[in-house]
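Descriptive analysis of the structure
Chain by chain, the residues run as shown.
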Amino acid sequence: MKLDVIINALGQVREQKPLVVNITNYVVMNNTANALLAVGASPIMAHSKEEMAEMMSFSGALVINIGTLDSVWIPRMLFAVERANANKKPVILDPVGCGASTLRTETSRDIARLADSLIIRGNASEIMALAGENAQTKGVDAQDSSSDAIVAARFLVSEYGANVVISGETDHIVTADDQITLSNGDAIMPYVTGMGCTLSALTGAFAAAGDHTGLAAAAVMGVAGEIAAEKSQGPGSFQLQLTDGLYNLTDDELAKRLKIA
Ligand SMILES: Nc1ncnc2c1ncn2[C@@H]1O[C@H](COP(=O)(O)OP(=O)(O)O)[C@@H](O)[C@H]1O
Ligand SMILES: Cc1ncsc1CCOP(=O)(O)O
Ligand SMILES: [Mg+2]
């Protein structure tokens, strides 16, 4: 049963406290580090090539987020992926703004091509753009519905041997032999920057602890988001409540609220 898998994965993250190396954007460094701590993992934000070989030898996963991409960062990202491959560590790619510029689209594809063990987590427009479909791209926010990106996600699964999480009002977890739908979360979430980046960071923690599909992270994020929304008055208090929601999330709440199909 999928619920048991998710509950077990959360227990594993809290027990193992995996180190998650993040090469991420300037907007979300603080929030995603706090989310990782709240869920029970251990974050490090690092982007120097000189330390990446050491980092990847003892980390549990590598999260590459291209949100504030710069040509200076690209060789560092590719080197980090090579080191993750050499150490058999999973790579999580968040192709933030893929489709908004050629630099973002091409770099996302280069990273996806290089990674041996890959989970791609993006919103519908990013997933469609990465797959070469016509997406309604507007910066970092999705203009397409997540169900419109399923064909694109299937293409990415076969092209890159990746597992794909399309987030949105409904999340779709697409793997070579499964497709799972999650309908948790809250409509306030797109009004807070970095929610997708937070999900990608959490996906790193869960991958490090053994869930290579992206399912458990999406479920935990959705349920914690739902609880946080009930306790908040708007996007500002939601951001704070989400950290508390991740920290306090119980197996019972997961069981009670999970909407999975
Ligand atoms: N309308 C919505 N209703 C419920 N949950 C949502 C909604 N929009 C986004 N989410 C949730 O917010 C998180 C971030 O997803 P998304 O907004 O698609 O990412 P991004 O910030 O990269 O665009 C995911 O956990 C997703 O399930
Ligand atoms: C606004 C913005 N600009 C560059 S990165 C970034 C954060 C995007 O985060 P998310 O996709 O999780 O909302
Ligand atoms: Mg995003």
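Worth saying up front: this structure is predicted, and the values here are computed from it rather than measured.

Details of helix α8 (residues 195-208)
- In a regular helix each residue adds 1.5 Å, so 14 residues correspond to 20 Å; α8 covers 20 Å between its end C-alpha atoms and thus fits that length.
- One or two steps after α8, the chain reaches glycine 210, where phi turns positive at roughly 120 degrees.

Considerations on the site of ligand 1
- Of all residues adjacent to ligand 1, which total 17 residues, the nearest are Asn123, Ser167, Asp171, Asp186 and Gly196.
- Take glycine 168: an N or O atom from its main chain is 3.2 Å from an oxygen atom of ligand 1.
- Within the side chain of aspartate 171, an N or O atom sits 2.8 Å from an oxygen atom of ligand 1.
- For ligand 1, the protein covers 87% of the area, taking 550 Å² as the surface of the free molecule.
- Of all the secondary-structure elements, those providing two or more residues to the shell around ligand 1 are β5 (118-123) and α8.
- Of all the elements, α8 adds the most residues to the shell around ligand 1, at three residues.

Points about the nonpolar core
- Formed by 49 residues in total, the largest nonpolar core has its most connected members in Val39, Leu202, Phe206, Phe238, Leu242 and Leu246.
- At the level of secondary structure, the elements contributing two or more residues to this core comprise α1 (2-16), α2 (29-39), β3 (61-65), β8 (179-182), α8, α9 (215-231) and α10 (235-248).
- Looking at this core, the element that brings in the most residues is α9, giving 12 residues.
- What phenylalanine 206 contacts, discounting residues up to four positions off in sequence, is Ala9, Leu10, Val13, Val39, Asp211, Ala216, Ala217 and Val220.
- Membership of the second largest hydrophobic core comes to 44 residues, among which are Ile74, Met77, Leu93 and Leu130.

A closer look at the pairing of strand β7 (residues 171-174)
- Side chains Asp171 and Ile173 project from β7 onto one buried face, and the interleaved His172 and Val174 project onto a second face that is buried too.
- Note: strand β6 (residues 163-167) against β7, three bridges, orientation antiparallel. Within β7, the position partnered with valine 165 by the bridge is isoleucine 173.
- Linkage of β6 to β7, two consecutive antiparallel strands, is achieved through a turn of three residues, within which glycine 168 is found at a positive phi near 160 degrees.
- The sheet contact formed by β7 and β8 spans four bridges and is antiparallel. By the bridge assignment, isoleucine 173 is partnered in β8 with isoleucine 180.
- Between β7 and β8, which follow one another and run antiparallel, lie four residues.

Regarding unusual backbone geometry
- Even without being glycine, lysine 17 reaches a positive phi, approximately 45 degrees.
- Phi angles above zero are rare outside glycine, and lysine 88 is one such case at about 55 degrees.
- One can find lysine 88 in the loop between α4 (73-86) and β4 (91-94).
- A residue is classified by how much of its surface remains accessible, and lysine 88, at 74% relative accessible area, is exposed.

Structural notes on the site of ligand 2
- Taken together, Asn25, Val27, Gly67, Val140, Thr193, Gly194, Met195, Gly196 and Cys197 are the residues near ligand 2.
- In this structure, cysteine 197 approaches ligand 2 through a main-chain N or O atom, which is 2.8 Å from an oxygen atom.
- About the coverage of ligand 2: the protein hides 80% of its 380 Å² of free accessible area.
- In terms of residue class, the shell around ligand 2 is built from four nonpolar, five polar and no charged.

Looking at the pairing of strand β2 (residues 42-45)
- Bridge analysis of strand β1 (residues 19-23) against β2 gives four bridges, and the strand direction is parallel. Residue pairing across strands places leucine 19 opposite serine 42, the latter belonging to β2.

Observations regarding the UniProt feature "binding site: ATP" (unreviewed entry) in the protein
- Sites flagged by UniProt as "binding site: ATP" (unreviewed entry) map to Arg121 and Ser167. Across 47 residues in sequence, these annotated residues keep their C-alpha atoms within 7.3 Å of one another, forming a single compact spot.
- Secondary-structure assignment places arginine 121 in strand β5.
- For arginine 121, the residues in contact, after removing those within four places along its chain, are Leu93, Asp94, Pro95, Val165, Ser167, Gly196, Cys197, Leu199, Ser200 and Thr203.

Each value, and the rule that gives it
Residue numbers here run from 1 along each chain, matching the order of that chain's written sequence. Chains carry letters and ligands carry numbers; both start at the beginning, A for chains and 1 for ligands, and go up in the order they are written. In view of the model being predicted, local features appear only for residues whose pLDDT reaches at least 70, and side-chain atom pairs are presented and counted only at 80 or more, with totals across whole chains, interfaces and linings using the full set of residues. As a rule here, side-chain values cover all heavy atoms of the structure and leave hydrogens and water aside. Every helix listed is a DSSP run of H or I at least four residues long, and every strand listed is a run of E at least two residues long, numbered separately from the N terminus. One less than the residue count of a helix, multiplied by 1.5 Å, gives the span that helix is expected to have. Here a residue is considered near a molecule or strand provided that any single heavy atom belonging to it is located within 4 Å of it. Each polar contact in these results corresponds to two N or O atoms within 3.5 Å; when the atoms are within protein, one needs to be able to donate a hydrogen and the other to accept it, and residues that are neighboring in sequence are counted only if both atoms are side-chain atoms. The protein chains shown are the only cover counted for residues, whose accessible areas, like all others here, come from Shrake-Rupley with a 1.4 Å probe. Side-chain atoms within 4.5 Å are what join buried Ala, Val, Leu, Ile, Met, Phe, Trp, Tyr and Cys residues into a set we call a nonpolar core. We call a residue buried when its accessible area falls under 20% of the maximum for its residue type, exposed when it is over 50%, and partly exposed in between, using a 1.4 Å probe and counting protein chains only. Only heavy atoms matter for contacts: two residues are in contact if any of them lie within 4.5 Å across the pair. Any two strands are treated as partners once DSSP identifies two or more bridges connecting them. Following the grouping adopted for this structure description, the nonpolar residues are Ala, Val, Leu, Ile, Met, Phe, Trp, Tyr, Cys and Pro, the charged ones are Asp, Glu, Lys and Arg, and the polar ones are all others, Gly among them. UniProt positions are given in the numbering used here, feature names are shortened, and annotations may be inferred rather than shown by experiment.

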